[in-house]
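Here is what each chain is made of, one letter per residue.
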Amino acid sequence: MRKPKAPAANRARIVQAAIDEFAARGFKGASMDAIAARTHTTRALINYYFGSKEKLYMAVLERVYAEIRDAEAELDLDHLPPVDAVRRIVGFTYDYYLAHEGFVRLVVAENQARGRHLRKSRAMRTLNRPIIDRLARVIERGQAQRRFRAGVDAVEVHKAIAALGMFNVTNQFTFGAIFQREMGAKGDVAQRRDVVAEIIVSYLTHGGGKQ
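Every value quoted in this text rests on a predicted model; they were computed, and no experiment measured them. (Residues numbered from 1 in each chain as written. Predicted model: local features only at pLDDT ≥ 70, side-chain atom pairs only at ≥ 80, totals over all residues. Heavy atoms only, no water.)

Colleague: Looking at this model, I keep getting lost on the overall build of the chain. Mind explaining?
Modeller: Helix and strand content of the chain: 11 helices and zero strands. Counting helices and strands in the order they occur from the N terminus, the chain gives α-α-α-α-α-α-α-α-α-α-α. Taken over the C-alpha atoms alone, the chain extends approximately 65 × 40 × 25 Å along its principal axes. By residue count, 44% of the 211 residues in the chain fall in the buried class. The contacts of the chain with a sequence gap of at least 6 include a subset with a gap of at least 24, amounting to 69%. For the chain, the accessible surface area stands at approximately 11,900 Å², while carbon and sulfur atoms represent 52% of it. Charged side chains of the chain number 35 positive and 23 negative; the gap between the two group centres comes to 6 Å. (Helix = DSSP H or I, 4+ residues; strand = E, 2+ residues; numbered from the N terminus. Buried < 20%, exposed > 50% of the residue type's maximum accessible area, 1.4 Å probe, protein only. Contact = heavy atoms within 4.5 Å. Areas by Shrake-Rupley, 256 points an atom, 1.4 Å probe, with all protein chains shown as cover. Lys, Arg positive; Asp, Glu negative; His and termini not counted. Charge placed at Lys NZ, Arg CZ, Asp CG, Glu CD.)

Structure representation (structure tokens):
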């Protein structure tokens, strides 16, 4: 086929359309024809850029993870007291999941696939390291000031923040139906966010100095 013009722009448009398609239907259910239709291109052009459906899906995963990591880089945590910095990370994460439910759905779908596509991505091995390093620096500052307890694993704290934030999106319908509570973007989002922040801060400060 003739070499297409504006390859970078074309790739970006295809990936964005693929994010929506894969988030809505998962890897198996997503249609390459639907992605082509969304971008007014062809399956042949998509394969020209990405090689296969799986490689396009991996590009989607890399894009959505890169976007949240780029957004986290703008948090400007170094000038904040450690407790406030942790609250900012928690608040950002909680709100990001609400604003990007497609990201959450992709994470859930890839977990259902046992992470087999994500593990093939070399970029993913380093892409998610910055948030751990950023959180570790905050924790270390808190420990130096005797605000946070010793023996804290930044990966475990990040996992807890992600789990508590995602629950509000992933379980919004079942939990809401069972307990008659508004979930997701409905109801008292600020209160739910504050509860998560308080849980994380309480864990970090348990056994540490006074705030």
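Colleague: When you look at the side chain of Arg-69 in this model, what are you seeing that I'm missing?
Modeller: Structurally, Arg-69 can be placed in helix H4 (residues 53–72). Ignoring sequence-local partners within four residues, the contact set of Arg-69 consists of Leu-127, Asn-128, Ile-131 and His-158.

Colleague: Honestly, a negative patch on the surface in this entry has me stumped. Any pointers?
Modeller: A contiguous patch of negative charge on the surface is contributed by Glu-67, Asp-70, Glu-74, Asp-76 and Asp-78. Within the secondary structure layout, Asp-70 lies in helix H4. By relative accessible area, Asp-70 is classed as exposed at 51%. (Patch = residues over 30% accessible without salt bridge, like charges linked within 9 Å, V, L, I, M, F, W, Y side chains within 5 Å. Salt bridge = Lys/Arg side-chain N within 4 Å of Asp/Glu carboxyl O.)

Colleague: Sorry, what's going on with helix H3 (residues 43–50) here?
Modeller: Because an α-helix packs 3.6 residues into every turn, residues spaced three or four apart end up facing the same way. Every buried residue of H3 is accounted for by Leu-45, Ile-46, Tyr-49 and Phe-50. The arc that holds every buried residue of H3, seen down its axis, measures 115°, which confines them to one face. On the buried face of H3, the contacting elements are helix H1 (7–29), helix H2 (32–39) and H4. Following H3 by one or two positions, Gly-51 has its phi on the positive side, about 95°. (Arc of directions from axis to C-beta.)

Colleague: How do you make sense of the packing of aromatic side chains when you look at a structure like this?
Modeller: Each aromatic ring pair is summarised here by two numbers: the centre-to-centre distance and the angle between the ring planes. Under the criterion given, the structure shown has 11 aromatic pairs. For the ring pair Phe-22 and Phe-27, a centre distance of 6.2 Å and an interplane angle of 15° mean the geometry is stacked. With respect to class, Phe-22 is no different from Phe-27; both count as buried. Note on Phe-22 and Tyr-57: the rings are 4.9 Å apart at their centroids and 65° apart in plane angle, and the pair reads as edge-to-face. Here the residue Phe-22 occupies a position in helix H1, and Tyr-57 occupies one in helix H4, the gap between them amounting to 35 residues. (Phe/Tyr/Trp six-rings, centres within 6.5 Å; stacked < 30°, edge-to-face > 60°.)

Colleague: Looking at this model, I keep getting lost on the pattern of salt bridges. Mind explaining?
Modeller: Between side chains of opposite charge, pairing is possible as soon as their charged atoms come close. Per the counting criterion, the structure on display carries 11 salt bridges. Ionic pairing is found between Arg-129 and Asp-133, a salt bridge with its closest N-O pair at 3.1 Å. One end of the pair is Arg-129 and the other is Asp-133, both in helix H8 (residues 129–144) and four residues apart, which spans about a single turn. Sharing partners across several salt bridges, the network here consists of Asp-20, Glu-21, Arg-25 and Arg-38.

Colleague: What is the right way to look at the environment of Arg-147 in this model?
Modeller: Position of Arg-147 relative to the elements: it lies in the loop between H8 and helix H9 (154–170). Residue classification places Arg-147 among the partly exposed residues on the basis of a relative accessible area of 26%. Between the alpha carbons of Arg-147 and His-206 there is a distance of 9.0 Å; along the sequence they are 59 residues apart.

Colleague: Got a minute to help me understand unusual backbone geometry in this structure?
Modeller: With glycine set apart, most residues show a phi of negative sign, and most peptide bonds adopt trans. Non-glycine residue Asp-76 carries a positive phi angle of around 55°. Assignment of secondary structure puts Asp-76 in the loop between H4 and helix H5 (82–99). Non-glycine residue Arg-146 carries a positive phi angle of around 60°. If you trace the backbone, Arg-146 turns up in the loop between H8 and H9.

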